[in-house]
Each structure stands twice: as structure tokens, then as C-alpha cells.
Amino acid sequence: MAYPCAHLHLPGDLWGRPATHQPAMEQPLVLIDATLATRNLGFQHRARQILRDVDIDALRGSIVGLLGSNGAGKTTLFDILCGLKSQTTGTIAREVPAERVAYLTQIVTIPDALKLGELAELVQGIAKCSGSALEELVGQLGPRERDKFTALYGRRAAGSSYGEKRWFVFLTLLSTDADIYILDEPTAGVDPEYAVYMWRSLETLREKGKSVLFSTHHVSEIGDNCDYFYFLKDGITHRFKDATEFIGLTGAGSLDEAFVRYVIGNLS
Ligand SMILES: Nc1ncnc2c1ncn2[C@@H]1O[C@H](COP(=O)(O)OP(=O)(O)OP(=O)(O)O)[C@@H](O)[C@H]1O
């Protein structure tokens, strides 16, 4: 079962084996203005080198995007950053303990019989936070969103759509008092209205000085919502300051086209 919150995960290999891989050698990595950073991070699964050289910095008060093809290793990277897998090489530095990292996994399964409000209370209990943070977060939403949230709170998971559950779990996770939020495709399967609500809530986190690291296949979100982003290709990350730089590098006419050109190595 996938849980909505990192605090609920047990460290280990999600592929069914105990986490036996340990970093070959820890190099000291000093954080400057960042809450989370990696250097030369690699991950090998059996004979497959999935991550080779991942260098990322999640600056305080920033929303950082991660692009990459299907199977590029984004989820693997997030699992490592949250301590669910261990890197085989390289270094991670985190300003806060793993308990201060909230992780919205790609798949969240909620038992049908559970009311969404009960799920929120469960997460708050595990994360040791009160419900007032969620009330505050919901209070910042517009009246239409607040009404939707209130209706969902009393509804069973079985009677809620995928997008409704995704948004509800997203808000619940945001209301836990974390410092770093790692979101694996938060808006996948969510309609544009709920996605707009999500981005608004993430902006409030940025204003509070939190770090947000998210992956997406909606490349427009990179241009619209993040402060800078990384592209993960062949196990290596490249940093881009914005969509304009990315499009310029590829000589593409749009972000979607830039993505394809970058993936297939067709640069101008
Ligand atoms: N249980 C598993 N056993 C073996 N290999 C796996 C397993 N899960 C993932 N992989 C492999 O690890 C690689 C990275 O997978 P990962 O899920 O991290 O990619 P991703 O970038 O998140 O992909 P997507 O965008 O499709 O979600 C893929 O090549 C995948 O085949």
C-alpha cells in the first residue's frame, strides 16, 4: 500500500528487498541556502544503473521542478531523497531529519470505507500535528474550493473520484508541518481547476520559506510554476533556470517540443 506521507513509510527497498545498498563514501556537503542537496548521486539496481550523476539543490522558499521521460528515475530519486531507498554512490545533505520531509507518492491508495476526513485525522495523528493547520490552509482557499473540501471531508473514499482524492490528500499532506515537500506528479489525473488550487497552495508554502520539489509530465507547469528545474536524462540531471533557457537550448517552438528534442538528443 502506498501512503500519502513519508512519516508512514518504513525505510527499505520498495522493490521487495531490504535496503542493503549503502553509499560508497560520504563526502561532506555543505548546504548554502538549500534545505536539500545531492552531489554525484547514483543508484544501481542489479545490473542496471538507473541514476548516475544527480546534482540537485532545493533552495529554501523555492518550487523546484523535475522533468524526465517515463522510466528516467524520478520516483527512484524521490524515494532516495526521502530515505526509502539508499543511493549506491554520492552524497545527500538535508537540513532537517527525514521526519520533516513530506512525500506525496505517485500512487496513493485509500481504503474505500474510510472517510476522507478520517484519513486526514489519521495522517495528522501520525505526523503529530493538529487539524488547525489544515483548517488554516483551507481557510486560504476561495469559497468554491472551501465548499468542495468540506463536502469531501465527510465523504468515503469509495464515493470520491481519483482527482478529488488526490487534491484532498495533497492538502492534508501540505498541512503537516514539514520543511521539505516532495511531490511525485501531484497533478497527474487532476483537472485544471484542481491543479490551479494546488499551485495556489504551493505558493503559500514558498512564501513560508519551505522547499518544494515536484515531478510532472505537464511541461507547462515548469514554465508556469517553478523557480528553476532539472531535467533527468540517462541518469544525469541538468539544471535550467527557466523554460526560456530550455526552449532556447533545443531550438524548439514550445515546451512540449523542447522536451521531445531534449530526450532524443536533437538540439539546435
Ligand atoms: N520494481 C522494480 N523492479 C525493477 N526495476 C524497476 C522497478 N520499479 C522501477 N524500475 C525501473 O527503474 C527505472 C526508474 O523507474 P522510476 O519509477 O524511478 O521512473 P520515473 O521517472 O518515475 O518514471 P514515470 O515517469 O513513468 O513515473 C525504470 O527503468 C523502471 O523500469
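This text gives an overview of the structure that appears in the document. (Residues numbered from 1 in each chain as written. Predicted model: local features only at pLDDT ≥ 70, side-chain atom pairs only at ≥ 80, totals over all residues. Heavy atoms only, no water.)

## Comments concerning the nonpolar core
Keep this limit in mind: As used in this record, nonpolar core signifies buried Ala, Val, Leu, Ile, Met, Phe, Trp, Tyr and Cys residues forming a set joined through side-chain atoms within 4.5 Å. Exposed residues in this analysis have more than 50% of their type's maximum accessible area, buried residues have under 20%, and partly exposed residues fall in between, with area computed by a 1.4 Å probe over protein chains only. By definition in these notes, contact holds between two residues if any of their heavy atoms fall within 4.5 Å.
Trp167, Phe170, Leu183, Leu202 and Phe246 are the most contacted members of the largest nonpolar core, which totals 50 residues. Among all residues touching Trp167, those that are not within four sequence positions of it are Leu141, Glu145, Lys148, Phe149, Leu152, Tyr194, Tyr197 and Met198. Counting residues in each nonpolar core, the second largest holds 26 residues, with Leu51, Phe78, Leu84 and Leu232 among its members.

## Side note on the site of the ligand
Test applied: Nearness here has a simple test: a residue counts as near a molecule or strand if at least one of its heavy atoms is within 4 Å of that partner. Polar contact criterion, stated in full: a pair of N or O atoms within 3.5 Å, where within protein one must be able to donate a hydrogen and the other to accept it, and residues adjacent in sequence count only if both atoms are side-chain atoms. For the area figures, the Shrake-Rupley method with a 1.4 Å probe applies, and any residue is considered shielded solely by the protein chains shown. Comment: elements are numbered from the N terminus, with helices defined as DSSP H or I runs of at least four residues and strands as E runs of at least two.
Neighbouring the ligand are 15 residues; Arg48, Gly71, Lys74, Thr76 and His217 lie closest to it. Within the contact set of the ligand, an oxygen atom lies 2.7 Å away from a side-chain nitrogen or oxygen of Lys74. For the ligand, an oxygen atom lies 2.8 Å from a polar atom in the side chain of His217. Considering the ligand on its own, with 630 Å² of exposed area, one finds that the protein chains cover 68% of that surface. The set of elements that each furnish at least two residues to the shell around the ligand consists of strand 2 (48–59) and helix 1 (74–81).

## Digging into the pairing of strand 1 (residues 34–45)
For the record, the criterion: Paired strands are those between which DSSP finds at least two bridges.
Buried residues dominate strand 1, accounting for 9 of its 12 residues. Relative to strand 2, strand 1 is paired through 8 bridges, and the arrangement is antiparallel. Following the sheet pairing, Leu36 is matched in strand 2 by Ala58. Turn length for the strand 1-strand 2 hairpin, with the two strands adjacent in sequence and antiparallel, is 2 residues, and the turn residue Arg46 shows positive phi of about 50 degrees. Relative to strand 4 (residues 89–94), strand 1 runs antiparallel, the two being bridged by 5 bridges.

## Observations regarding the environment of Val54
With respect to the element layout, Val54 can be found in strand 2. A relative accessible area of 0% places Val54 in the buried class. The spatial distance from the C-alpha of Val54 to the C-alpha of Gly90 is 8.4 Å, given a sequence separation of 36 residues. Apart from residues no more than four positions distant in its own chain, Val54 is found in contact with Thr38, Arg39, Asn40, Leu41, Leu77, Leu232, Gly235 and Thr237.

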